[in-house]
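Chains, contacts and geometry: an overview
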Amino acid sequence: MPYVVYAFSLLLGLVLGSFLNVVIYRLPRHESLIRPGSRCPGCGTSIHCYDNIPVLSWLVLRGRCRACQMRISCRYPLVEAITGLAFLLAMWRFGLTWPVLVAWAFIAAMVAIAFIDYDHMIIPNKIVLPGALLGLIASVALEPQRWWVYVAGSLGAAAFMLVLAMLWPGGMGPGDIKMALFMGAVLGAHVMVALFAAFLFGSIAGIYMMVVQKRSRKAKIPFGPYLALGAVLAVLLGETILRNYQSLYS
Ligand SMILES: [Zn+2]
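Every chain is numbered independently, its residues counted from 1 as its sequence is written. Owing to the predicted nature of the model, reporting of local features is limited to residues with pLDDT of at least 70; listing and counting of side-chain atom pairs is limited to 80 or more, with chain, interface and lining totals taken over all residues. Heavy atoms throughout the structure, all of them, feed into the side-chain values; hydrogens and water do not.

Let's talk about the coordination of the zinc ion
Water is not among the atoms examined, so metal sites may look incomplete; donors are the N, O and S atoms within 2.8 Å of the metal, or within 3.2 Å for Na, K and Ca. Note on the zinc ion: its protein donors are Cys40 (SG), Cys43 (SG), Cys65 (SG) and Cys68 (SG). The metal-donor distances range over 2.3 Å. Here the metal geometry follows the donor angles, with tetrahedral for four donors whose angles all fall between 85 and 135 degrees, square planar for four and octahedral for six when opposite donors are more than 155 degrees apart and every other angle is between 65 and 115, and irregular for all the rest. For the zinc ion, the four donor atoms in the first shell make angles of 105 to 116° at the metal, so the coordination geometry reads as tetrahedral. Written as a sequence motif, the donor residues of the zinc ion are C-x2-C-x21-C-x2-C. With cysteine 43 in the loop between helix H1 (3-26) and helix H2 (56-60) and cysteine 65 in the loop between H2 and helix H3 (75-94), the pair connects residues that are 22 residues apart, well separated along the chain. Only protein chains enter the accessibility calculation, which uses a 1.4 Å probe. A residue is then buried if its area is under 20% of the maximum for its type, exposed if over 50%, and partly exposed in between. A relative accessible area of 36% places cysteine 43 in the partly exposed class. To qualify as a helix, a DSSP run of H or I must reach at least 4 residues; to qualify as a strand, a run of E must reach at least 2; elements of each kind are numbered from the N terminus.

Brief notes about the side chain of glutamate 80
For glutamate 80, the location among the structural elements is in helix H3. Charge counting follows a simple rule: Lys and Arg are positive, Asp and Glu are negative, and His as well as the terminal groups are ignored. Here, a salt bridge means any side-chain nitrogen of Lys or Arg that lies within 4 Å of a carboxyl oxygen of Asp or Glu. Here glutamate 80 occupies a buried position and makes no salt bridge, while the nearest side chain of opposite charge, arginine 75, is found at 11 Å. A distance of 3.5 Å separates polar atoms of two side chains, one belonging to glutamate 80 and the other to serine 18. Contacts are residue-level and defined by heavy atoms, with any inter-residue pair within 4.5 Å sufficient. Leave out the neighbours within four places in its chain, and glutamate 80 touches Gly13, Leu14, Gly17, Ser18, Asn21, Pro54 and Val55. Distance and chemistry together define a polar contact, namely a pair of N or O atoms within 3.5 Å, with one atom able to donate a hydrogen and the other to accept it when in protein, and with adjacent residues in sequence counting only for side-chain atoms on both sides.

A closer look at the domain arrangement of the protein
Start and end points for every domain follow an automatic or database-based domain assignment. We note that the domain assignment places domain 1 (1-96) and domain 2 (97-250) within the protein. Each of domain 1 and domain 2 has a C-alpha centre, and the two are 24 Å apart. Contacts between domain 1 and domain 2 engage 25 residues on the former and 21 residues on the latter. Of the roughly 2,000 Å² buried at the junction of domain 1 and domain 2 (both faces included), carbon and sulfur atoms supply 78%. For the pair domain 1 and domain 2, the number of links is one salt bridge. For the salt bridge of aspartate 119 with arginine 75, the shortest nitrogen-to-oxygen distance reads 3.0 Å. There are five residue pairs in polar contact (both at pLDDT 80 or more) connecting domain 1 and domain 2. Secondary structure elements with two or more residues in the side of domain 1 that touches domain 2: H1 and H3. In terms of residues, the side of domain 1 that touches domain 2 owes the most to one element, H3, which gives 12 residues. By definition, the buried area sums, over both parts, the 1.4 Å-probe accessible area that each loses when the two are put together.

So, helix H7 (residues 174-187)
Here the expected length of a helix is defined as 1.5 Å per residue gap, with one fewer gap than residues. Under the 1.5 Å per step criterion, the end-to-end length of H7 is 20 Å for 14 residues, consistent within 8% with the ideal 20 Å. Most of H7 sits out of view: 11 of its 14 residues are buried. Here H7 has its buried residues at Gly175, Asp176, Ile177, Met179, Ala180, Phe182, Met183, Gly184, Ala185, Val186 and Leu187. Tucked inside the fold, the buried residues of H7 contact helix H4 (98-120), helix H5 (125-142), helix H6 (147-167), helix H8 (191-211) and helix H9 (224-247). Just downstream of H7, glycine 188 is the residue with a positive phi angle, here 60°.

Next comes the structure, spelled out in structure tokens:
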């Protein structure tokens with residue numbers, strides 16, 4: 001694959017990551033995603049396009065607003081960098097094919113959900129419900145003979161989370177169940193890899209919070225970020241992980 005394709009993927013991810021910052025901030029506040037343009041949360045000054053270049057502007061301005069010098073969280077360039085890198089890896093995994101478009105859209109949705117859930121303990125219906133429907137349509141269109149894998153993956157993952165929510169009230173919520181529905185619709189059988197990774201990362205983080213940060217065992221932690229991390233891992237490496245796992249038993 002020519003390097004220019006990878007460069008384009010990275011660039012597209014960075015630019016989309018910049019838009020995801022807007023989505024993460026405004027969607028839970030029920031604000032328009034389009035208008036007004038980006039503003040400094042401190043002084044309200046509109047951000048010029050030359051100060052709105054993903055990652056670079058933050059570095060050049062050393063994480064401060066040009067007008068009022070208020071600190072701008074490193075979260076913004078981080079979201080851009082994560083999205084850019086994941087888009088690049090998706091191109092490496094799928095090449096110039098239709099599935100790369102599905103993977104990009106899925107990754108973008110996962111990044112937005114992860115940070116919104118982290119901030120507000122909400123997994124927005126506005127993302128997961130259309131995502132589940134469009135994801136299933138895309139999966140079936142790309143692999144019509146294996147449509148049942150995606151239906152089963154979607155319903156299976158959601159049922160699994162539903163059982164957990166009933167066994168462990170307060171741990172999982174309806175948002176996690178709907179998110180699993182979305183993940184299964186896109187990942188098919190690889191949703192198993194995503195759920196396994198999510199519980200692994202979630203457990204490690206939970207132990208860290210209890211032991212190192214001395215948080216109570218009852219403290220509520222959003223599970224969406226771990227589901228999203230597992231989902232991105234599964235879309236990029238699900239095939240490889242599942243194949244290696246099966247070869248252990250043959
Ligand atoms: Zn400012």
